[in-house]
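# Per-entry structural report
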Amino acid sequence: PVKPSRLLLIWLALLLVVRIVLGAFQALGRELPSSLISINWGLLLALLALAVIDAVRLRRLPSPRIKRQMPGSLALGRWGEVKLEVAHEFAEPLKINFFDHVPDGLAFEYLPTVVELQPGHVSQLTYRLRPLERGHFCFEQCEVNLPSPLGLWSGTRLLSVRDETRVYPDFARLYGGELRAVDNWLSQLGIRQRQRRGQGQEFHQLREFREGDSLRQIDWKATARQRTPIAREYEDERDQQIIFLLDCGRQMRSHDGELSHFDHALNACLLLSYVALRQGDAVGMSTFAGDEPRHVAPVKGSGQLNVLLNAVYDLGSTQLPADYQAAANQLLARQKRRALVVLVTNLRDDDDQVLGAVRRLSAQHLVLVASLREEALDTLRQTPVQTLPEALAYCGTVNYLNERVELHEQLNAHGVVVMDVRPAGLGAALVSRYLDWKKSATI
């Protein structure tokens, strides 16, 4: 589309004002030279002719060529930078207005902006992005606003510039202190000495050499091929498997602060995955109550964390109810070997089916239920009661929490460990429980 510029509108307004003044004098019966009216009409026709010629020249101007440089992945809530290069074939310096069509879910700064194009040079500009949601984002178009050669028009052009980026959970920022503390814990608790590394005679597989392995486990031929230490693993390897059973249903849509319960749960699962993989355990994940339930088989090695990230970075909570029985059936069909199953959900007072599902899982696996508790419940329970509505809210909260505790006690009575935690404290609580169990050889 082509729009008149401010300059063209000013000239039209001036000529219109002059014509109104001349018409007013004629209406008052004053004699005016006929040449003034002719000059006014001549200027108007000349302006219109120039405007037509200028619009045609604007149509013929070549569009600039734009190349976008952006990171292939961004961290949720963290600012990133996008660079653009603008190449052109204009013979004269030109200032253009530029805007990049940023997808919904990404905040931006320094857009729109003005770019000055110089003949024979490639112009560069930058702006910042801050992801507000996880997922896969596609950039389709850039918008430029070109002025006409005489400045009477401005033309907007949409240029197809396709790029893609992924937004991952920024659990390193959220749990940066915990990650540093975990490294200290692992060096002080002596957990690795408790693990029985494979020393049998029946070969199982090759893997990367880890701290604690003996030199006689090194496969020198594989090491020479890979140019990194490779160790043999035998059948008496005692490493464990951990499966996260993550609820993606409507019970995880509550928000405490900027993040939803689901985002807190996902970050906590990734944090514990990092710790468990550092310990040599295999980690996997299975989701339920989502649009597309996903399953990642438990695998050892540092590369498994990237596999998990790529599998769940675009996961979100849905409006579907949590079907614990179906989730248990699917996991039992997929996971035959005994493992630690961490069920991350938000147990409500009406979740009767969870007891049967967890009992079936605990018959074959060690089950840990991490039940998220809304911060608003604790706030209501601690707020002084002064009015009738406050009293009703307090009684309803206490009744809800008591029924929730009763459900937790039923699970405890069947030998299932239940953690009742706030979402923000879930990551640290899971890591502490895992390290305690590793130290006591429970897993």
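Since we're looking at a predicted model, the values are computed, not measured.

## Observations regarding the overall build of the protein
Looking only at helices and strands, the protein has twelve helices and 20 strands in total. Contacts spanning at least 24 positions in sequence make up 72% of the contacts within the protein whose residues lie at least 6 apart. Accessible surface, the protein: about 23,400 Å² in total, of which carbon and sulfur atoms supply 53%.

## Details of the confidence of the model for the protein
Low pLDDT means the predicted atomic positions in that stretch should not be read closely. Mean pLDDT over the protein works out to 86, with 90% of the residues at or above the 70 mark. Throughout residues 189-198 the model reports pLDDT below 50, and contacts reaching past four residues in sequence, or to other chains, amount to 29 contacts.

## What to know about the pairing of strand 19 (residues 366-372)
In terms of burial, strand 19 is a largely internal element, seven of the seven residues being buried. In strand 19, alternate side chains face the same way, and those of L366, L368, A370 and L372 on one face and V367, V369 and S371 on the other are all buried. By the bridge criterion, six bridges tie strand 18 (residues 340-345) to strand 19 in an arrangement that is parallel. Bridged to V344 within strand 19 is A370. As paired elements, strand 19 and strand 20 (residues 417-421) share five bridges and run parallel to each other. Following the sheet pairing, L372 is matched in strand 20 by V421.

## Quick look at the packing of helix 6 (residues 261-278) against helix 7 (residues 303-312)
With their axes 10 Å apart at the nearest point, helix 6 and helix 7 run at an angle of 165 degrees to one another. In terms of axis orientation, helix 6 runs roughly antiparallel to helix 7. Of the two elements, helix 6 crosses helix 7, and the hand of that crossing is right-handed. Along the contact surface, helix 6 presents L266, L270, S273, Y274 and L277, while helix 7 presents Q304, L305, L308, L309 and V312. Here the residues of the contact of helix 6 with helix 7 sort into eight nonpolar, two polar and no charged.

## Let's talk about unusual backbone geometry
Both trends apply: most residues other than glycine have a negative phi, and most peptide bonds are in trans. Following L111, the chain continues into P112 via a peptide bond in cis, with omega recorded as -10 degrees. Tracing the chain through its elements places P112 in the loop between strand 6 (106-109) and strand 7 (113-117). Unlike most non-glycine residues, R227 shows phi in positive territory, near 60 degrees. By the secondary structure assignment, R227 is in the loop between helix 5 (220-226) and strand 12 (230-234).

## Side note on helix 7
For helix 7, the complete set of buried residues consists of Q304, L305, L308, L309, A311 and V312. Buried positions in helix 7, seen along its axis, are confined to an arc of 165 degrees and lie on one side of it.

## Some details on the packing of aromatic side chains
Considering all chains together, one arrives at three aromatic pairs under this definition. In this arrangement the basic side chain of R128 is found over the ring face of W79, its NZ or CZ atom lying 4.4 Å from the centre.

## What about the environment of A391?
Here A391 is to be found in helix 11 (residues 388-413). The sequence separation of A391 and L380 amounts to eleven residues, and the corresponding C-alpha distance is 10.0 Å.

## Thoughts on helix 11
Look at helix 11: 37 Å from first C-alpha to last across 26 residues, which is about the 38 Å you get at 1.5 Å a residue. Buried within helix 11 we find T397, Y400, L401, R404, L407, H408 and L411. At its buried positions, helix 11 is contacted by helix 9 (353-362), strand 19, helix 10 (375-382) and strand 20. Immediately beyond the C-terminal end of helix 11, within one or two residues, lies G415, with a positive phi of roughly 80 degrees.

## Here we look at the pattern of salt bridges
Applying the stated rule across the entire model yields 13 salt bridges. With its nearest N and O atoms 2.9 Å apart, the salt bridge here joins R68 to D100. Remark: D100 occurs in strand 5 (residues 94-100) and R68 occurs in strand 2 (residues 65-69); sequence separation between them is 32 residues. The pair R68 / D100 is uniform in exposure class, with both members buried. The shortest N-O distance in the salt bridge between E140 and R162 comes to 2.4 Å. Of this pair, E140 sits in strand 9 (residues 135-147) while R162 sits in strand 10 (residues 153-168), and the two are 22 residues apart along the sequence. Residue E140 is classed as partly exposed on the basis of its relative accessible area of 36%. Through salt bridges that share partners, R68, D100 and D163 make up one connected network.

## Let's talk about the sheet that holds strand 6
Read across the sheet, four strands follow the order 2-4-8-6 without closing on themselves; strand pairing throughout is antiparallel. This sheet does not close on itself; its edge strands, each paired only once, are strand 2 and strand 6. On average, each strand axis in the sheet is tilted by 30 degrees relative to the strand beside it, whichever way the strands run. Relative to strand 8 (residues 123-131), strand 4 (residues 80-87) runs antiparallel, the two sharing seven bridges. Bridged to V86 within strand 8 is S123.

Calculation notes
Residues numbered from 1 in each chain as written. Predicted model: local features only at pLDDT ≥ 70, side-chain atom pairs only at ≥ 80, totals over all residues. Heavy atoms only, no water. Helix = DSSP H or I, 4+ residues; strand = E, 2+ residues; numbered from the N terminus. Contact = heavy atoms within 4.5 Å. Areas by Shrake-Rupley, 256 points an atom, 1.4 Å probe, with all protein chains shown as cover. pLDDT = per-residue confidence, 0-100. Buried < 20%, exposed > 50% of the residue type's maximum accessible area, 1.4 Å probe, protein only. Pairing = 2+ DSSP bridges. Axes fitted to C-alpha atoms, helices over the stretch in contact; angles between N-to-C directions. Parallel < 35°, antiparallel > 145°, perpendicular 65-115°, else oblique. Left-handed = near helix turned anticlockwise from the far one by under 90°. Nonpolar A, V, L, I, M, F, W, Y, C, P; charged D, E, K, R; others polar. Arc of directions from axis to C-beta. Phe/Tyr/Trp six-rings, centres within 6.5 Å; stacked < 30°, edge-to-face > 60°. Lys NZ or Arg CZ within 6 Å of the ring centre and 35° of its normal. Expected span 1.5 Å × (residues − 1). Salt bridge = Lys/Arg side-chain N within 4 Å of Asp/Glu carboxyl O.

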